[in-house]
Amino acid sequence: MKTISSILTVLAIAAAPAACAHGPTSTLVEARQEYAQAADGPAKEYAPVDLYEAEKALQRAEQAYEKDPGSERERDLAYVAVRRVHIAEARAAMRKAQRAEQEAEAARVATLQQQRDRSIEQLAQTKDQLDDRERALQDREDALQQAQRERDRFQRRLSAATSTLEGMATIEKDIDRTVVILNDEVLFEKNSAKLIDLAKDSLRQLSTALKELDGTPSIVIEGYTDSTGSKVHNQRLSQERANAVREFLVQEGVPPKVVSAIGFGEANPVASNSTPEGRANNRRVEIVIEDQLDGRSVVGRGESR
Amino acid sequence: MKSTNIAIALTTLLSVGLSVGGCAHELSQRKLVETQAAIDTAKKSERATNPEVALYVKYAHDQLAQARELMDDGKSKAARRMLDRARVDAELALALAETARSRQEAKEAWQRVEDLKEKNANKSADSNSNDFE
């Protein structure tokens with residue numbers, strides 16, 4: 001160190017004229033040592049100005065020593081020099097601590113930013129989840145509306161289809177099915193399963209309309225009789241009648257897969273069998289037309305009772 | 001820092017005083033007052049209860065009293081030097097007080113960072129179980 005060597009040079013020169021010279025005061029010795037230590041430490045980097053002030057104070061003390069070694073003046077100035085060195089060291093420690101505080105603050109800001117970025121990311125994820133959820137809900141709603149539209153269309157066409165039978169048939173509309181009820185007089189010759197011409201005309205129109213239905217309808221033809229005659233006979237007749245209607249519709253182009261025929265015999269009467277009118281009402285064919293949109297299995301009205 | 005400004009002001013005054021050279025007694029009088037002010041500031045500093053700070057405040061105080069005596073004895077040069085000693089001790093006391101404070105603030109700042117990191121760690125542990133499904 002330049003400064004230390006200059007001090008040592010001063011010491012050498014000062015030591016030369018021995019004469020009646022005192023040695024340096026203990027304070028000056030202390031000042032030299034303290035300064036040498038401080039100049040080699042953090043004060044050099046962190047408190048150069050204060051260290052320089054200490055150097056000047058030490059030089060003033062050395063000058064006093066040269067002039068009058070061991071004097072009170074030398075001691076006083078050396079005292080000040082020692083304190084100046086300590087001040088430089090204290091200021092260096094302070095600045096180091098200030099820098100540490102700044103670094104801490106920077107670390108805190110960085111941590112907060114990290115937190116914030118993470119929060120933003122989480123928010124974005126949550127938003128994405130919400131968006132997905134909303135999209136799913138919207139899709140479901142669209143699907144429901146679509147299904148409703150298709151059902152409505154089916155119903156309209158079905159109405160169109162069954163309107164051709166007005167006057168001849170009773171048409172019952174439920175939410176999920178339409179039932180066309182035809183009495184045996186408008187369909188068959190007495191006690192037989194042979195279709196009459198009038199019936200064929202009507203059924204032909206019905207089949208045209210049925211063929212135009214979208215989706216997958218299911219058509220169940222249910223035959224019913226009154227209670228006259230044996231159960232076996234009535235069962236057979238009702239089945240044959242149902243079949244006859246089915247065969248005709250299929251002949252007219254309704255896909256066979258969608259049509260089925262069941263005979264119920266005297267079961268499920270709709271009127272009392274003790275009056276002629278009642279019996280006439282019980283002798284009927286019911287055509288149950290269902291929309292298959294939601295994939296339910298075919299269940300005719302007869303079986304669901 | 002106010003106290004540093006006082007110290008700077010005092011040093012400036014001192015150098016001006018010396019170069020002008022006027023009446024020794026008057027200068028010493030002024031120096032006396034200013035040195036007392038520096039000591040008072042050091043006493044009032046937050047760390048006055050810090051033993052190291054208190055020690056140098058005491059040195060400054062005692063040396064100021066000695067300076068007064070020397071002045072009364074007519075030893076103005078010695079009195080001036082004693083005042084310089086008193087003042088530099090007051091300055092050292094202040095510097096030590098400021099250093100202690102800076103160290104404390106740095107310690108607290110790093111503690112805040114630690115607390116924040118710990119809070120972070122806890123929060124992310126919670127929020128991972130927060131996925132709503």
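Numbers given to residues run from 1 along each chain, matching the order in which its sequence is written. Both sets of labels track the order of writing: A upward for chains, 1 upward for ligands. Confidence filtering applies because this is a predicted model: local features only for residues at pLDDT of at least 70, side-chain atom pairs given and counted only at 80 or more, and all residues used for totals across whole chains, interfaces and linings. For side-chain calculations, the full set of non-hydrogen atoms in the structure is used, while hydrogens and water are omitted.

**Q** Got a minute to help me understand the sheet that holds strand S3 (residues 217-224) of chain A in this structure?
**A** Adjacent strands of a sheet pair through backbone hydrogen bonds, lying either parallel or antiparallel. Residue and element names in this part refer to chain A. Strand order in the open sheet formed by 5 strands is S1-S2-S5-S3-S4, with mixed pairing between adjacent strands. Among the strands making up the open sheet, the edge pair consists of strand S1 (169-173) and strand S4 (259-263). Strand-to-strand twist in this sheet, taken as the mean axis angle between neighbours without regard to direction, amounts to 20°. Relative to strand S5 (residues 284-291), strand S2 (residues 177-183) runs antiparallel, the two being bridged by 7 bridges. Along S5, the bridge assignment pairs Val180 with Ile287. Across the face of the sheet, helix H8 (residues 231-251) comes into contact with S3, S4 and S5 while running at roughly 165° to S4. Pairs of strands are assigned from DSSP output, requiring at least two bridges between the strands. Note on conventions: DSSP H or I runs of at least 4 residues are helices, E runs of at least 2 residues are strands, and numbering of each starts at the N terminus. To obtain an axis, a line is fitted to C-alpha atoms, over the contacting stretch when the element is a helix, and the angle between two such axes runs from 0 to 180 degrees between their N-to-C directions. Residues are treated as being in contact if the distance between any of their heavy atoms lies within 4.5 Å.

**Q** When you look at the pattern of salt bridges in this model, what are you seeing that I'm missing?
**A** Pairing between side chains of opposite charge can happen when the charged atoms of each approach one another. Within this document, salt bridges are pairs made up of a side-chain nitrogen of Lys or Arg and a carboxyl oxygen of Asp or Glu, the two lying within 4 Å of each other. Inspection of every chain in the model, using the stated rule, returns 28 salt bridges over all chains. Across the pair Glu252 of chain A and Arg204 of chain A runs a salt bridge whose closest N-O atoms are separated by 3.6 Å. Of this pair, Glu252 of chain A sits in the loop between H8 and S4 while Arg204 of chain A is found in helix H7 (residues 197-211), placing the two residues 48 residues apart along the sequence. Its salt-bridge partner being Arg87 of chain B, residue Asp84 of chain B comes within 3.9 Å of it at the nearest N-O pair. One end of the pair, Asp84 of chain B, and the other, Arg87 of chain B, are both in helix H4 (residues 76-127), 3 residues apart, so they sit about a helical turn from each other. Only protein chains enter the accessibility calculation, which uses a 1.4 Å probe; a residue is then buried when its area is under 20% of its type maximum, exposed when over 50%, and partly exposed in between. The exposure class assigned to Asp84 of chain B is partly exposed, which follows from its relative accessible area of 22%.

**Q** So what exactly am I meant to see when it comes to the packing of aromatic side chains here?
**A** The description of two aromatic rings rests on the distance between their centres and on the angle between their planes. Note on aromatic contacts: the rings of Phe and Tyr and the six-membered ring of Trp form a pair at centre separations within 6.5 Å, being stacked when their planes are under 30 degrees apart, edge-to-face when over 60 apart, and tilted otherwise. Summed over the entire model, instances satisfying the criterion amount to 2 aromatic pairs over all chains. Relative to Phe264 of chain A, the ring of Tyr224 of chain A has its centre 5.1 Å away and its plane inclined at 10°; by these criteria the two rings are stacked. A residue pair is termed long-range when its members are at least 10 positions apart, and Tyr224 of chain A in strand S3 and Phe264 of chain A in the loop between S4 and helix H9 (276-282) qualify at 40 residues. Tyr224 of chain A sits in the buried class, given a relative accessible area of 1%. Accessibility expressed as a relative area gives 15% for Phe264 of chain A, which makes it buried. Summarising the aromatic geometry, the rings of Tyr56 of chain B and Tyr59 of chain B are spaced 5.5 Å apart at their centres and angled 85° between planes, so their arrangement reads as edge-to-face. With a gap of 3 residues between them, Tyr56 of chain B and Tyr59 of chain B both fall in helix H3 (residues 51-72), about one helical turn apart. Look at Tyr56 of chain B and you get buried, because its relative accessible area is 11%. What makes Tyr59 of chain B partly exposed here is its relative accessible area of 32%. The aromatic ring of Tyr79 of chain A is capped on one face by Arg85 of chain B, whose charged end is 3.8 Å from the ring centroid. Look at NZ for Lys and CZ for Arg. If either is within 6 Å of the ring centre and within 35 degrees of the ring normal, a charge sits over the ring.

**Q** Even after reading the chapter, I still don't get unusual backbone geometry, so can you show me in this structure?
**A** Outside of glycine, negative phi angles account for most residues, and trans bonds account for most peptide bonds. All names here are of chain A. Located in the positive-phi region is Asn191, a residue other than glycine, with phi close to 60°. With respect to the helices and strands, Asn191 occurs in the loop between helix H6 (184-187) and H7. In this structure, Asn268 takes a positive phi of about 50° despite not being glycine. Of note, Asn268 is situated in the loop between S4 and H9. Under the relative-accessibility criterion, Asn268 is labelled partly exposed at 21%.

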